[in-house]
Every structure is written in structure tokens, then in C-alpha cells.
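Tertiary structure, described
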Amino acid sequence: MVEKFRQLGISEPTLKEIKKLGFKEPSEIQEKSIPLVLEGKDVIAGASTGSGKTLAFGTGLIHNSKPDCGMQGLILTPTRELAEQITRELKKFVSNKKLNIISIYGGMSINRQINELESAEIVIATPGRLLDHLSRKTIDLQYVKTLVLDEADRMLDMGFKEDVEKIINQCPEKRQTLLYSATISSDIVMIAEKYMINPVEVSAEIYVDSSKLSQIYYNINDDLKFSLLKHLLETEKSELAMVFCNTRRNVDFVVNNLKAIRINALPIHGGFSQKKRNKIMKIFHSNRVPVLVCTDVAARGLDIKNVTHIYNYDIPKEAKEYIHRIGRTARAGEKGKVINIITSRDYDNFSNVLKHYSDFKIKLEETSYIKRVELKWMAHSRYDGRRNSRFGNNRGRRDDQRSYGGRGNRSYERKPSSKGKSRNYGGREDRRKDSSRSYGNRQLVSRGRERERSFSSGQSSESKRGYERRELKRRNNSGRNVKNRRSGGRRDNQRDKRRY
Ligand code: ADP
Ligand code: MG
């Protein structure tokens, strides 16, 4: 059964573990990258979440590491949850080989990590906490043979570029560097050129099997958005559902209002202490609570079994985030459903998603009569969630706030009692984002991407808005995707080839 894995060059003890796990055949990215990894090449691998990247780079780490020879493998990852998950996943493949695999990230006791580091052969770390250990001289990178940058695009998006570079510079020059990422941006190309030796680039196509994953959207008035979510959570037959919001404030808003109407839901976002985040993930993994309301950062890359429904309560600002969200369901041959709840505030973001993934079939679904739910809990004007004060916490906070926070969503859900004064924060929010994001003055590799930014940058000119509305309307009418007919469409397609 594991013959195809054997052909990739994977060693017998690892094959044994793969067999135990019941994997039938390698995924596309495993098939393409494992032989290169085992040959010792530097590899840039592009593949979306859920495509089995951990095993792909894990084979290299296992191959290059020996017990009791110091820390030989280092994986950098953007979030704490991912560090945890990779650690769990990697341990599955090495149970026969006595390698100590540990994770180090902020928000957890540093002393315990210092003890564990003494005997660790493979370390999975978030950049902030790793730098902390480096400055305390409690970690030694001189024996590192394999350096992995996992979810590299996310790591750079989150502003960890400098930190990552500092860390790379402290690793021995003679090493194997593996970079796994969902998208290849100019920053990634720069990192690759600067720090990798003749890297080989491989990629797996984004593939959405529409017989397994159905995608729909509702177009609804702003003041019925939450009511529709409630209605769907009650009527759709789901096992586990994830509800994505763009801000911490909206996560709190949704989860508190769900609880108020006795729908059991858990919140997760970067405003919580790490202990709380771990505890929440544990409960959700155990299937005891059916709904997780989350921001992108907290949920990025997480592999949770039995997620049958993904709700986009907010449509993500970055189109690629849509891919990461929907990758949480329809995993390992199971079926899944993606439900986008859009209001006029989501039009810009949604048309951006449609433009990027013009081959996706996202069907408009008509709403039946929706009973309005009285909102019991209002969003605070300013997020006042708990903040940790120690160890890499600023970085942790930055996770959510940088790209997803912002004033733009302040009045996201109108009070039922308000006199219907509609306030539009869209333009302001997007301007803010544009000026605060650090794409820097580097030329982007793909000019198409520049176009993408200027289109979504929400300078809010009427003509742009008009275009987006017309695009959406055309879709509504035809019930299927409208190909991008703008003159720059070809460039967009070219860019899309670089998306995995
Ligand atoms: P990624 O890092 O690309 O998001 P993961 O490495 O977390 O993906 O893998 C996602 C899930 O798929 C995990 O539960 C993993 O055990 C499983 N998996 C990995 N490779 C295979 C395979 N070849 N066949 C079946 N399941 C696999
Ligand atoms: Mg992963």
C-alpha cells in the first residue's frame, strides 16, 4: 500500500508510520517535493493548506537528524497554533526513531522551553520566541542541518521578514533550506535568492473538487446578517462549523450573540492568551462544541477533522485568504460546504475573490423569510480583549491587528434600534491598510499583483464601485462565474499560475 511512498525514497521506519496512518498515496506536493528534499536540494514548494506539506518537509528533517546530536532541524512557522500542529503531526512520522521534537512559541513558559531545548533534535518555532531564546543564548543553531520556512507567505505578510532574516543569518551556511508556501510573492523570491542555494521550485495546483466542496453565497441586508447566520447554523446539517470574521471585534460580536441565543460556540483570535487559545482548540478538536468563530490568523493552516461547513461571515480582504479558509473543509475525501454571507459591505472583497478564482462555482442562494434576531451583545467601539504582557506578545498581537483589525469594521452590525443611518467606513479602512502595509518600495515580481492591489485598495471611486457592483450583478444573473473580461485579464491569469 505504501509502495508509491517508497518510490519517493522515504526510509523504511517512516514508511511504517505512514502505513499505520493509512495514507494510500502521496499528495501532489509530496510526490513532487519529497525526492528533491531527500536528495538534499533546497526546495521552494507552493501548495495550499491541507495538501500534506508537513510530511513533505518532515521526510527531510527525519532523514537529516540523528538522536543525541543536538538541534539539527528548525521549522519556522507564523502562528503558535501551527507550531503546535506541526509538532503533533511530525511526531506521528518519527515514533520509531527516537528524535525529540518540541515547539517553542510566545505566551508559554520560557523556562520549560529552555529545559526541553537541551535535548531537542527538531524544533518548531515562531520567530519572536526563537529570537528571544537567541538573545538569551538558550538555543544553539550551530548544528542545524535543515531549515524549514513553513507558510512562508503568511510569515512575511505578518511582518516577520526581519526576524526571519535574523534567524536565517544565525544558522550555519552549510544547510538545506526548504520553503513551503501557499503563494510565491516578491518577498519570498527575495528570501530565496538571498538565502537558498540553487533552489528547485515545485508546485501543486489549487484543485477544488466541486463534487466534494459546494460553495454558495447569500446576498442579504446588513441588519439581517447575523439572523441569517443563526438560521443557517440551525438548519444546515453540520458536524463542525467554522465561522470566519475579519476582526477580533466581529468574532466577539458573533460568538456572544450566538451564546445569547443558546448556540454553543467558541471564539478564537489573537487577543486571547496562548493558554486560552490552546484550550479552545482542544475543545473544538474534541467535537464537544460545534461552532468555532475565528479570525484568519488563529485558524490558518489548522487541520481539524469533521469540519463540514465554512461560513464567511466577513469576506476576506485578501483573496488568497479565501482559499485558506475553504481548505479547512472537504479534507481527505470528505464533503464540505462553504457559505458566504455577503452584504453591501462585502461587495468589494467578494468581487475580488470572484475575480481571482474565476473557475470556482459559487452559486447564489436565495434566502427564504428570515426572522430577525434581536442582538443582545453589541461590538465594543474599541477592542478591549485581554493582552498578555510578556514574551513575544507584541508579535502575537500584531498577528490579528495588523492586517485584519482596524476601524473599518467598527459599525459592522447595526444596532437594531438605530435609525438606519448607514455609515460607510470602507474607504477609510482600506486607505489605512494601504498606507500601513509594508510592501515597501520593492518592485513586485508580478505586475498583475500590483493591479490586484490597486483594484482592491478601495480608493472608492464611483467607477470602481460601479464596476464591482456590475460584476456582482452579472454573476447573480447568470448564477455562475463571470470571467474577468478586463484588458488585464491575461496578466491576472498569469499571476494565478503563481497561486497554489
Ligand atoms: P498542510 O501543511 O499542507 O496544510 P498537513 O501536513 O497539515 O497539510 O496535512 C493535512 C492532513 O492530511 C493531515 O491530517 C495529514 O495527516 C494528512 N495527510 C498528509 N499526507 C497525506 C496523504 N498522503 N494521504 C492522506 N492524508 C494525508
Ligand atoms: Mg502546514
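Every chain's residues receive numbers from 1 upward, in the order its sequence appears when written. Think of it this way: whatever chain is written first is A, whatever ligand is written first is 1, and the rest follow in order. Only residues with pLDDT of at least 70 are given local features in this predicted model, and only at 80 or more are side-chain atom pairs given and counted; all residues enter the totals for whole chains, interfaces and linings.

Attention shifts here to the overall build of the chain. Secondary structure summary: the chain contains 21 helices and 14 strands in total. Contact between residues is assigned whenever the C-beta positions, reconstructed from backbone atoms, fall within 7 Å. In the chain, of all internal contacts separated by at least 6 residues, the share reaching a separation of at least 24 is 78%. Only DSSP runs of H or I reaching four residues or more are called helices, and only runs of E reaching two or more are called strands; each is numbered from the N terminus.

Following DSSP output, two strands are said to pair if at least two bridges run between them. The parallel open sheet is built from seven strands, whose spatial order is 3-4-2-5-6-1-7. Edge positions in the sheet fall to strand 3 (101-104) and strand 7 (200-203), since each has one partner strand and no second. Strand-to-strand twist of the sheet, defined as the mean angle between neighbouring strand axes without regard to direction, takes the value 15 degrees. Pairing geometry for strand 1 (residues 43-46) and strand 6 (residues 176-181), over four bridges, is parallel. Its bridge partner lying in strand 6, Ile 44 is registered against Leu 179. Helix axes use the C-alpha atoms of the stretch in contact, all axes being lines fitted to C-alpha atoms, and the angles between their N-to-C directions lie in the range 0 to 180 degrees.

Reading across the sheet, the seven strands line up as 10-11-9-12-13-8-14 and stay open at both edges, with parallel pairing between neighbours. Every other strand in the sheet has two partners, leaving strand 10 (265-268) and strand 14 (362-364) as the edge strands with one partner each. Averaged over all adjacent pairs, the angle separating strand axes in this sheet is 20 degrees, with direction ignored. Contacting strand 8 (213-219), strand 9 (240-244), strand 12 (307-312) and strand 13 (336-342), helix 15 (residues 319-326) runs over the sheet at an angle of about 155 degrees to strand 12.

On to the packing of helix 7 (residues 127-136) against helix 9 (residues 161-170), then. Interhelical geometry of helix 7 versus helix 9 gives an angle of 45 degrees and a closest axis separation of 10 Å. Relative to helix 9, helix 7 is oriented oblique. Between helix 7 and helix 9 lies a crossing of left-handed hand. In contact with Pro 127, Gly 128, Leu 130, Leu 131 and Leu 134 of helix 7, helix 9 contributes Asp 163, Val 164, Lys 166, Ile 167 and Gln 170. Each residue receives one of three labels: charged for Asp, Glu, Lys and Arg, nonpolar for Ala, Val, Leu, Ile, Met, Phe, Trp, Tyr, Cys and Pro, and polar for the others, Gly being one of them. Of the residues that constitute the contact of helix 7 with helix 9, the class distribution is six nonpolar, two polar and two charged. Oblique is the label for any angle not under 35 degrees, not over 145, and not in the 65 to 115 range, which are roughly parallel, roughly antiparallel and roughly perpendicular in turn. The hand of a helix crossing depends on one turn: near helix anticlockwise from the far one by less than a right angle means left-handed, and clockwise means right-handed.

As a further point, take the site of ligand 1. Not every one of the 16 residues close to ligand 1 is listed here, only the nearest: Phe 23, Thr 49, Gly 52, Lys 53 and Thr 54. It is helix 4 (residues 53-64) that provides the largest number of residues to the shell around ligand 1, a total of three residues. The source of the domain bounds is an automatic or database domain assignment. Structurally, the shell around ligand 1 is a two-domain feature, drawing no fewer than three residues from each of domain 1 (3-203) and domain 2 (213-364). Residues are classed as near a molecule or strand if the C-beta position derived from their backbone is within 6 Å of it.

Further remarks concern the pairing of strand 12. With five of its six residues buried, strand 12 lies for the most part within the structure. Here strand 9 pairs with strand 12 via five bridges, running parallel. Of the residues in strand 12, the one forming a bridge with Leu 240 is Val 307. Where strand 12 lies against strand 13, four bridges are found, and the strand directions are parallel. By the bridge assignment, His 309 is partnered in strand 13 with Lys 337. Using C-beta atoms placed from the backbone, we call a residue buried if 20 or more other C-beta atoms fall within 10 Å of its own, exposed if 12 or fewer do, and partly exposed for counts in between.

Side chains Ala 265 and Pro 267 of strand 10 all project onto a buried face; the interleaved residues Leu 266 and Ile 268 project onto the opposite face, where all are buried too. Pairing of strand 10 with strand 11 (residues 291-294), which is carried by four bridges, proceeds in the parallel orientation. From the neighbouring strand, Ile 268 faces strand 11, where its bridge partner is Cys 294. A crossover counts as right-handed when, viewed with the strands pointing away from the observer, the path leading from the first strand over the helix to the second turns clockwise. You can see the chain leave strand 10, run along helix 13 (residues 274-285) and come back into strand 11, and the turn it takes is right-handed.

It is worth spelling out the packing of helix 5 (residues 80-93) against helix 13 at this point. At their nearest, the axes of helix 5 and helix 13 sit 10 Å apart, and the two run at 50 degrees to each other. As the angle between them shows, helix 5 and helix 13 are arranged oblique. The element helix 5 and its partner helix 13 pack so that their crossing is right-handed. Touching Arg 80, Glu 81 and Glu 84 of helix 5 are Gln 274, Arg 277, Asn 278 and Met 281, all from helix 13. When its residues are assigned to classes, the contact of helix 5 with helix 13 shows one nonpolar, two polar and four charged.

Working definition: the nonpolar core is a set of buried Ala, Val, Leu, Ile, Met, Phe, Trp, Tyr and Cys residues, joined through C-beta atoms within 7 Å. With 64 residues, the main nonpolar core has Leu 74, Val 123, Ala 125 and Leu 179 as its most contacted residues. Sequence-distant contacts of Leu 179, that is, excluding residues within four places in its chain, are made with Ile 44, Leu 149, Ala 152, Ile 188, Ala 192 and Met 196.

The subject of this paragraph is the environment of Val 251. The residue Val 251 is located in helix 12 (residues 248-260) in this model. Along the primary structure Val 251 and Ile 268 are separated by 17 residues, whereas in three dimensions their C-alpha atoms are 7.5 Å apart. Residues within four places of Val 251 in sequence aside, it is in contact with Cys 245, Pro 267, His 269, Val 293, Cys 294 and Thr 295.

A few words now on the environment of Lys 91. Structurally, Lys 91 is set in helix 5. On the basis of neighbour count, Lys 91 is assigned to the partly exposed category, with 16 C-beta atoms found within 10 Å. Note: C-alpha distance between Lys 91 and Ile 102 (eleven residues apart in sequence) is 9.3 Å.

This part is about helix 4. For helix 4, with twelve residues, the first-to-last C-alpha span of 17 Å sits near the 16 Å given by 1.5 Å per residue. Counting buried residues in helix 4 gives eleven out of twelve residues, a clear majority hidden from the surface. If you check which residues of helix 4 are buried, you get Lys 53, Thr 54, Leu 55, Ala 56, Phe 57, Gly 58, Thr 59, Gly 60, Leu 61, Ile 62 and His 63. Helices are assigned an expected span. That span is 1.5 Å times one less than the residue count.

On to unusual backbone geometry. Glycine aside, negative phi is the norm for most residues, and most peptide bonds take the trans geometry. A positive phi is found at Glu 151, a non-glycine position, where the angle reads about 50 degrees. Tracing the backbone through its elements, the reader meets Glu 151 in the loop between strand 5 (146-149) and helix 8 (152-157). Residue Glu 151 is classed as buried on the basis of its C-beta count, with 23 C-beta atoms lying within 10 Å. Phi angles above zero are rare outside glycine, and Asn 198 is one such case at about 35 degrees. Here Asn 198 shows up in the loop between helix 10 (186-195) and strand 7. Asn 198 sits in the exposed class, given 6 other C-beta atoms within 10 Å.

Each residue gets a pLDDT score, which is the predictor's confidence in that residue and runs from 0 to 100. Looking at the chain as a whole, the pLDDT averages 78, with 73% of positions reaching at least 70. A low-confidence stretch, residues 381-464 (pLDDT under 50), is modelled with 119 contacts involving residues beyond four sequence positions or located in other chains. The low-confidence segment residues 478-500 (pLDDT under 50) makes 44 contacts with residues lying over four places distant or belonging to another chain.

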